[in-house]
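Residue-level listing of the chains:
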Amino acid sequence: AQSVTQLDSQVPVFEEAPVELRCNYSSSVSVYLFWYVQYPNQGLQLLLKYLSGSTLVESINGFEAEFNKSQTSFHLRKPSVHISDTAEYFCAVSGYNFNKFYFGSGTKLNVKP
Amino acid sequence: EAGVTQFPSHSVIEKGQTVTLRCDPISGHDNLYWYRRVMGKEIKFLLHFVKESKQDESGMPNNRFLAERTGGTYSTLKVQPAELEDSGVYFCASSQWTREGNEQFFGPGTRLTVL
């Protein structure tokens with residue numbers, strides 16, 4: 001069985017400050033890892049993913065996440081956040097068939113001016 | 001290209017009534033998934049279609065839920081009769097295998113409130 005834990009339900013942060021959203025997973029098999037973002041009144045959008053290769057993956061808008069197999073973590077970071085990053089972020093895992101995603105409970109990032 | 005669409009965006013019904021949610025996947029996507037998020041908790045998998053066939057329905061809560069995908073295009077999820085604990089946001093996603101994998105594209109969700 002697989003499960004995902006997002007320890008922080010809400011993260012308030014000031015604009016231009018760094019942020020880390022934590023994600024830990026448990027799985028008896030190798031997995032693929034994802035971060036999705038949901039902006040207000042929109043669907044989930046894929047932010048970044050780890051499938052294989054380099055353990056550090058980046059998104060086009062400055063977020064990055066590092067796969068740490070020994071700690072079973074996939075924390076999301078951004079060195080300087082913008083107001084527009086205010087959204088809810090979901091960590092997810094899937095098996096190699098991609099056919100069933102297991103999500104965490106989400107972290108609401110609130111960027112304040 | 002249109003994304004995954006869902007209808008309605010919101011639905012408020014009374015306990016015991018029936019509600020049908022609709023999902024239109026991205027054109028050409030064989031895989032269609034339903035997920036549910038209850039009360040700010042994690043998003044949970046309900047079931048997976050490959051074309052018109054149910055590949056995995058292990059996440060369906062009980063027999064009050066019926067999902068169909070006639071013709072392998074759009075899908076419906078019917079709840080009959082609805083109970084209070086069915087309230088939540090129902091997400092649909094679709095995907096198609098490529099060399100890069102099987103990225104799931106999500107719709108905006110249907111918020112269901114059962115009173």
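Just above, that's the structure.
Residues numbered from 1 in each chain as written. Chains lettered and ligands numbered in written order. Predicted model: local features only at pLDDT ≥ 70, side-chain atom pairs only at ≥ 80, totals over all residues. Heavy atoms only, no water.

### Things to note about the pattern of salt bridges
All chains considered together, the criterion is met by 12 salt bridges over all chains. For the salt bridge of A:E88 with B:R37, the shortest nitrogen-to-oxygen distance reads 2.8 Å. Pair noted here: A:E88 is in strand β10 (residues 87-94) and B:R37 is in strand β4 (residues 31-37), and the two residues belong to different chains. Of the residues examined, A:E88 reaches a relative accessible area of 10% and is grouped as buried. (Salt bridge = Lys/Arg side-chain N within 4 Å of Asp/Glu carboxyl O. Helix = DSSP H or I, 4+ residues; strand = E, 2+ residues; numbered from the N terminus. Buried < 20%, exposed > 50% of the residue type's maximum accessible area, 1.4 Å probe, protein only.)

### Observations concerning the packing of aromatic side chains
Under the criterion given, the structure shown has 16 aromatic pairs over all chains. Ring centres 5.2 Å apart and planes at 75° place the aromatic pair A:Y36 and B:F106 in the edge-to-face group. Of this pair, A:Y36 sits in strand β5 (residues 32-38) while B:F106 sits in strand β10 (residues 105-106), each in a different chain. Taking relative accessible area as the criterion, A:Y36 reaches 0% and is therefore assigned buried. What makes B:F106 buried here is its relative accessible area of 8%. (Phe/Tyr/Trp six-rings, centres within 6.5 Å; stacked < 30°, edge-to-face > 60°.)

### Some words on the pairing of strand β9 (residues 88-95) of chain B
All names here are of chain B. In terms of burial, β9 is largely enclosed, as 8 of its 8 residues are buried. Here β4 pairs with β9 via 7 bridges, running antiparallel. Bridging across to β9, Y33 finds its partner in A93. Here β9 pairs with strand β11 (residues 110-114) via 3 bridges, running antiparallel. Bridge pairing in β11 places V89 opposite R111. Where β9 meets β10, 2 bridges bridge the pair, whose relative direction is antiparallel. Among the inter-strand pairings, S94 is bridged to a residue of β10, identified as F105. (Pairing = 2+ DSSP bridges.)

### Structural notes on the sheet that holds strand β7 (residues 65-68) of chain B
Residue and element names in this part refer to chain B. The antiparallel open sheet is built from 4 strands, whose spatial order is β1-β3-β8-β7. Two strands in the sheet have a free side with no partner beyond their single neighbour: β1 (5-7) and β7. Taking each pair of neighbouring strands and ignoring which way they run, the sheet shows an average axis angle of 15°. Relative to strand β8 (residues 75-79), β7 is paired through 4 bridges, and the arrangement is antiparallel. (Axes fitted to C-alpha atoms, helices over the stretch in contact; angles between N-to-C directions.)

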